[in-house]
Amino acid sequence: MGAIYGARVTVRADPIEWTEVTLEADGEATAQVFVHALFAEGAVSVDRRVLQTASGLVEQIVGTFLHSETSRAAAETLQAHERTIAAPGWSADWLAQQRAIEISPTLAVAPHFVDSRAPLTLRIDPGLAFGTATHPTTQLCLRKLESLLTDPRARRPASLLDVGCGTGVLAIAGLRLGVESAIGTDIDPIALRTARRCARLNQLDDARLVLSNRTPDAHGQHPLVLANLPPEPMELLTPAIARAVANQGTLILSGFFTELVDPITSPFESRGFQKTNVDARAEWAVVCLTRTQDPFLPSPL
Ligand SMILES: C[S@@+](CC[C@H](N)C(=O)[O-])C[C@H]1O[C@@H](n2cnc3c(N)ncnc32)[C@H](O)[C@@H]1O
């Protein structure tokens, strides 16, 4: 048992340069703390696996990291008793554990080599960037996006902007649900490369999803903008995200806990946005806002 969370940590080097940090949880409360802790330390996805061992059932919380320095730092922060680096290679176990993730009765996300019976399955390469739909914030955003884009009363937006696109899963969902074109931005070059590959896995040609490392307001205004970002980049990018939303456009924000909803949304409200809906799952929040005023136009006298 480790000093902070009572955990044992294993670091495993795996195929295309990613590492896993594994913690053993001794109950649901600990498991949830581990999930949050691994994401906070930079894991791009986190899985929960139950194993039968000689001493009974053990739940492992496995964080996937893109860079071994980050995973090592995570293991240190979590004060692991044990850390091992194993041989590389796509393990049969890992492949066998991959499953389709059901977002709703009609929408699923799955690696390209996994069967899925959902009417619409988004094909995402697992493990290379954040956005494989294992995280509650991705699931919350996908659910919101699907209900918005399948609402018969709502006009379908012609374009969307996905800020911090990771694998591009949100932009890809929007495109597959009928939005004509999308822009995905990210500061991580691996994420941008992964998003291109995932777009192709979904038969989306390069013109429909433009990928960029520029700021959110470098690509004009859009009737729909999504930003699933941790609080720090969210705060930093708030003015640029606000500028990228067209008048009467919709903004979907996630990536933070429910207690941060007000601090994160009030700078948007003071820029002419109105909160229309807040949802949560496992303490993570998703917020919808509408831009009701154009703060760049002079106010009427
Ligand atoms: C929580 S992940 C979201 C990924 C995906 N959109 C999803 O919903 O699953 C956040 C992403 O934002 C990116 N990011 C972090 N800071 C950023 C910044 N300042 N500008 C653009 N992207 C950023 C990260 O590289 C990461 O891919």
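In the block above lies the structure referred to throughout.
To start, this report covers the structure provided alongside it. Treat the numbers as computed from the prediction; the structure is a model and nothing was measured. (Residues numbered from 1 in each chain as written. Predicted model: local features only at pLDDT ≥ 70, side-chain atom pairs only at ≥ 80, totals over all residues.)

The subject of this paragraph is the overall build of the chain. Along its length, the chain carries eight helices and 14 strands. Once local pairs closer than 6 in sequence are excluded, the contacts in the chain between residues at least 24 apart make up 62%. (Helix = DSSP H or I, 4+ residues; strand = E, 2+ residues; numbered from the N terminus. Contact = placed C-beta atoms within 7 Å.)

Glancing now at the site of the ligand. Close to the ligand lie 21 residues; G131, T138, G164, G166 and N228 are nearest. Those elements that place two or more of their residues in the shell around the ligand are α4 (136-149), α5 (169-176) and α7 (231-244). Counted by class, the shell around the ligand contains 11 nonpolar, seven polar and three charged residues. (Near = placed C-beta within 6 Å. Nonpolar A, V, L, I, M, F, W, Y, C, P; charged D, E, K, R; others polar.)

A few words now on the sheet that holds strand β7 (residues 120-123). As summarised here, the arrangement of the three strands in space is β5-β6-β7, forming an open sheet in which the pairing is mixed. Where the open sheet ends on each side, the last strands, each with one partner, are β5 (101-104) and β7. The sheet shows a mean angle of 25° between the axes of neighbouring strands, taken without regard to direction. Pairing of strand β6 (residues 107-110) with β7, which is carried by four bridges, proceeds in the parallel orientation. The residue of β7 that forms the bridge with A110 is R123. Those strands touched by α4 are β5 and β6, and its axis lies near 40° from that of β5. Packing of α5 onto the sheet brings it into contact with β6 and β7, and relative to β7 it is tilted by some 145°. (Pairing = 2+ DSSP bridges. Axes fitted to C-alpha atoms, helices over the stretch in contact; angles between N-to-C directions.)

Buried residues dominate strand β9 (residues 181-185), accounting for four of its five residues. Of the pairings in the sheet, the one linking strand β8 (residues 159-163) to β9 comprises five bridges and is parallel in character. Residue pairing for β9: S159 is matched across the bridge by S181. The β-α-β motif built from β8, the intervening α5 and the parallel element β9 has right-handed crossover chirality. Looking at chain direction, β9 and strand β10 (residues 209-212) are connected through four bridges and run parallel. Residue pairing across strands places T185 opposite S212, the latter belonging to β10. In terms of handedness, the path from β9 via helix α6 (residues 189-201) over to β10 forms a crossover that is right-handed. (Buried ≥ 20, exposed ≤ 12 C-beta atoms within 10 Å, placed from the backbone. Right-handed = clockwise from strand over helix to strand, strands pointing away.)

Residues other than glycine seldom take positive phi values, yet Q203 does so here, at roughly 55°. If you trace the backbone, Q203 turns up in the loop between α6 and β10. Judged by the 10 C-beta atoms lying within 10 Å of it, Q203 is exposed. Even without glycine at this site, E283 takes up a positive phi of about 75°. Mapping E283 onto the fold places it in the loop between β13 (273-281) and β14 (284-291).

With that out of the way, let us pick up the sheet that holds strand β12 (residues 245-257). Strand order in the open sheet formed by seven strands is β10-β9-β8-β11-β12-β14-β13, with mixed pairing between adjacent strands. Two strands in the sheet have a free side with no partner beyond their single neighbour: β10 and β13. The mean angle between the axes of side-by-side strands here comes to 15°, regardless of whether they run parallel or antiparallel.

Attention now goes to the nonpolar core. Within the largest apolar cluster, 55 residues are counted, with the highest numbers of intra-cluster contacts made by V109, L170, V225 and L226. If you tally residues by element for this core, the top one is α5, at six residues. Residues in contact with L170, not counting those within four places in the same chain, are C141, L142, L145, D162, C165, L226 and N228. By size, the runner-up hydrophobic cluster in this structure holds 17 residues, among which are A25, V35, F65 and L78. (Core = buried A, V, L, I, M, F, W, Y, C linked by C-beta atoms within 7 Å.)

This part takes up the packing of α7 against helix α8 (residues 261-269). Their axes nearest at 10 Å, the elements α7 and α8 cross at an angle of 15°. Relative to α8, the element α7 is oriented roughly parallel. Taken as a pair, α7 and α8 cross one another with a handedness that is right-handed. Packed against α7, whose contacting residues are P231, M234, T238 and A242, the element α8 presents I264, P267 and F268 at the interface. Looking at the contact of α7 with α8 residue by residue, the classes come out as six nonpolar, one polar and no charged. (Parallel < 35°, antiparallel > 145°, perpendicular 65-115°, else oblique. Left-handed = near helix turned anticlockwise from the far one by under 90°.)

Spacing of three or four residues puts side chains on the same side of an α-helix, whose turn is 3.6 residues. Along helix α2 (residues 68-77), the residues that are buried comprise S71, A74 and A75. For α2, the angular spread of the buried residues around the axis is 100°, confining them to a single face. Looking at α2, the residues exposed on the side facing more than 90 degrees away from the buried face are E69, E76 and T77. (Arc of directions from axis to C-beta.)

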